[in-house]
Amino acid sequence: MNCHCCKTDLPENAKFCPNCGTKVQLLCPHCKIEVPENAKFCHQCGAVLQQKTPKTQEITVLDQNEKSEFKKQIDALIDKEKYTEALTVCEEKLQQDTNNLEALAEKIGLLVRLENLKEAFSCLGEMQKRFPDEPLTLLDTFVLLFLSEKYDLALETSEKLLPKISQLDKDDQGMTFAFRAFILFTQKGANQQALEELKQAEKFEGYFNQESKELYLQIKTQLENLNNQEIIIGNDEFRILYQNFSQNFIEFIQTYCEEKNLHTAVSMVSAAKLTKLFNASITNGFNTLREILQPIGTEKLAEELNTYEEDLRTKTSRELEPFLDEINELKKEVIENTASSSTSGFIEGAVKGYFFGVLGLLDSFSEDKKSNNAINEWDTSFKEIIQTFINSRVAFLGVLDSLTEKYPISYTFDDDIVDQIEAENSGSNSNLLPVLQEAAGAEDKVYFTPDIPAEKLGEAKKSYAFIKSDEKVLCLFDSTLFGGADDGAVFTDKRFYWHELMDSPKSVEYSSITNVWGKEKLTLKVKGETDLYVDFTEDENKLLKRMLNAVLKNIC
């Protein structure tokens, strides 16, 4: 008799293999269950056990890779991809012997090949009822769970299988280790353990049939590629990280800015809501980072990311606490003192401008605002809350710097990628500001962000500049004699708004304008529409013409 593991000839009455140390097992040649030494029939499937001589009644255990005639027939049909015919053979075998574990296992494998997982699971249920603890039952359960991508359950089942794995064909043993390696690497981040499992699978590579070998090599190649892969964070990856971290807070700020009066805007702010937004931002950011770094997949990296996330959450919460307490205390008084539209316009422009990188606007208080201490303090606290968010985002992105020192991560994103993203968030033409400033020169009726007086912007918005939430105000031209700003023009990053005395408000997207000409009256040629006219004084028309042409030249 030979050792079922290494094929070494065994001495008579050997309990363990002298070559590999494996315990000698007497196995049924059909269902592979261990049988007593003097058994004539398998107690599980009833198969007649081969005997060496009638005199000694010693069992001759078939080699685990010595296939039964039934198995050879099935394999021959599988090699020819005649799966339906093979399935018929299995069912005929089961009609003859309903307890034939081998036929039941082959039937499940064929159902999988025919992509009938529902029937395969049904068959598996019958198998589990009859042979709950048999290696073949555990193997088929493991494989079906693996193919269904129920990896946690598959891994749990394989742990039960490992103590009995030597009772399986070497082909099945090798694939079990290969599947475990795949799960451990791709789902659990247990790199070292996955590589150990892969080494175990390699021992059985010579026993794989063609189908198993192809699948094994596919898994091996995938794991080796993942293990050697360097994570490159370029513009696209950085943009995803940056925006996922910011998205919830951006949406909140935009909603806040869309409100037409501060009374309503302030009412929607609460410490609980802001805390939730900060936590959601941190969670989204780190989950995105985990997805990007998933190919590295080490347990150490997972632990480090958890620590970084918790530290940032704690630090942000500590920094936010005094400002959140202050806005809660100020809310009632601020709401009671926010009836004027000019104050509303100021806050709307201030918060929006600050968040998208136009710093300092919240410090440009009007005379009315200076006299209202509560509103002044509210602005300051809200500014600090936004600054805390920006700080937390910077700290989050700084985690990458720490990780590059320990893991195969490299940067290839542009140095100005943050400016690009901020420009996209605030409007893709935010670079128009310096263009407009140069074209306007030293005109004293033109005001540029962040120095647009809040009361002027508020009047312009109320009168004619019905600016959309995704636009950013760049400059305001006040054509009124006494500085009321209810007539004039507003340039945003996307549109031109204007209003002349006794005329209706007008606006047009820069991308729709094909030409600007005229002196006493400007004519704007618009794609697919009738011409539009701008009719201020001759000097004012020249100014606006110069500014509009500079914009068009820049965006073309």
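Preceding this paragraph is the structure being described.
Residues numbered from 1 in each chain as written. Predicted model: local features only at pLDDT ≥ 70, side-chain atom pairs only at ≥ 80, totals over all residues. Heavy atoms only, no water.

Caption draft 1: Looking closely at the overall build of the protein chain. A count of helical and extended segments in the protein chain gives 20 helices and 10 strands. Across the 556 residues of the protein chain, 49% fall into the buried class. If you take every contact in the protein chain between residues at least 6 apart in sequence, the share linking residues at least 24 apart comes to 59%. Looking at the protein chain as shown, the accessible area adds up to about 27400 Å², and 48% of this sits on carbon and sulfur atoms. (Helix = DSSP H or I, 4+ residues; strand = E, 2+ residues; numbered from the N terminus. Buried < 20%, exposed > 50% of the residue type's maximum accessible area, 1.4 Å probe, protein only. Contact = heavy atoms within 4.5 Å. Areas by Shrake-Rupley, 256 points an atom, 1.4 Å probe, with all protein chains shown as cover.)

Caption draft 2: Geometry of the packing of helix α1 (residues 69-79) against helix α3 (residues 101-113). Running from amino to carboxyl end, α1 crosses α3 at an angle of 10°, the nearest separation of the two axes being 11 Å. It follows that α1 is roughly parallel to α3 by the angle criterion. Residue-level inspection shows Phe70, Lys71, Ile74 and Ile78 of α1 in contact with α3, the latter providing Glu102, Ala103, Glu106, Leu110 and Arg113. Broken down by class, the residue content of the contact of α1 with α3 amounts to 5 nonpolar, no polar and 4 charged. (Axes fitted to C-alpha atoms, helices over the stretch in contact; angles between N-to-C directions. Parallel < 35°, antiparallel > 145°, perpendicular 65-115°, else oblique. Nonpolar A, V, L, I, M, F, W, Y, C, P; charged D, E, K, R; others polar.)

Caption draft 3: Molecular detail of the pattern of salt bridges. The full count for this structure, using the stated rule, is 19 salt bridges. Between Lys199 and Glu196 there is a salt bridge, with its nearest N and O atoms 3.8 Å apart. With Lys199 and Glu196 both in helix α8 (residues 191-202), this residue pair falls 3 residues apart, about one helical turn. Given the relative accessible area of 47%, Lys199 is considered partly exposed. Among the residues examined, Glu196 registers a relative accessible area of 39% and is labelled partly exposed. Salt-bridge contacts for Lys542 lead to Glu538; the nearest nitrogen and oxygen are separated by 3.9 Å. Of this pair, Lys542 and Glu538 both sit in helix α20 (residues 538-555), 4 residues apart, which is roughly one turn of the helix. Judged by its relative accessible area of 41%, Lys542 is partly exposed. In this structure, a network of salt bridges that share partners links the residues Lys71, Asp75 and Glu106. (Salt bridge = Lys/Arg side-chain N within 4 Å of Asp/Glu carboxyl O.)

Caption draft 4: Focus on the pairing of strand β7 (residues 506-509). Sheet topology places strand β6 (residues 495-499) next to β7; 4 bridges connect them, and they run antiparallel. When the bridges of β7 are listed, Trp498 appears paired with Lys506. Taken together, β6 and the strand that follows it, β7, pair antiparallel across an intervening segment of 6 residues, in which Met502 is found at a positive phi of about 65°. (Pairing = 2+ DSSP bridges.)

Caption draft 5: Molecular detail of the sheet that holds strand β10 (residues 532-534). Read from one edge of the open sheet, 3 strands run β8-β9-β10, paired in antiparallel fashion. This sheet does not close on itself; its edge strands, each paired only once, are β8 (513-517) and β10. Between one strand axis and the next, the sheet turns by 20° as a mean value, whatever way the strands run. Across the face of the sheet, α20 comes into contact with β8, β9 (522-526) and β10 while running at roughly 150° to β8.

Caption draft 6: Main features of the sheet that holds β7. One open sheet accounts for 5 strands, arranged β3-β4-β5-β6-β7; its pairing is antiparallel. Two strands close off the open sheet at either side, each with one partner strand: β3 (446-448) and β7. In this sheet, adjacent strand axes meet at a mean angle of 15° when their direction is disregarded. Of the pairings in the sheet, the one linking strand β5 (residues 488-492) to β6 comprises 4 bridges and is antiparallel in character. Across the sheet, residue Phe491 finds its bridge partner in β6, namely Phe496. Against the sheet, helix α19 (residues 454-463) contacts β3, β4 (473-478), β5 and β6, and its axis sits at roughly 85° relative to β4.

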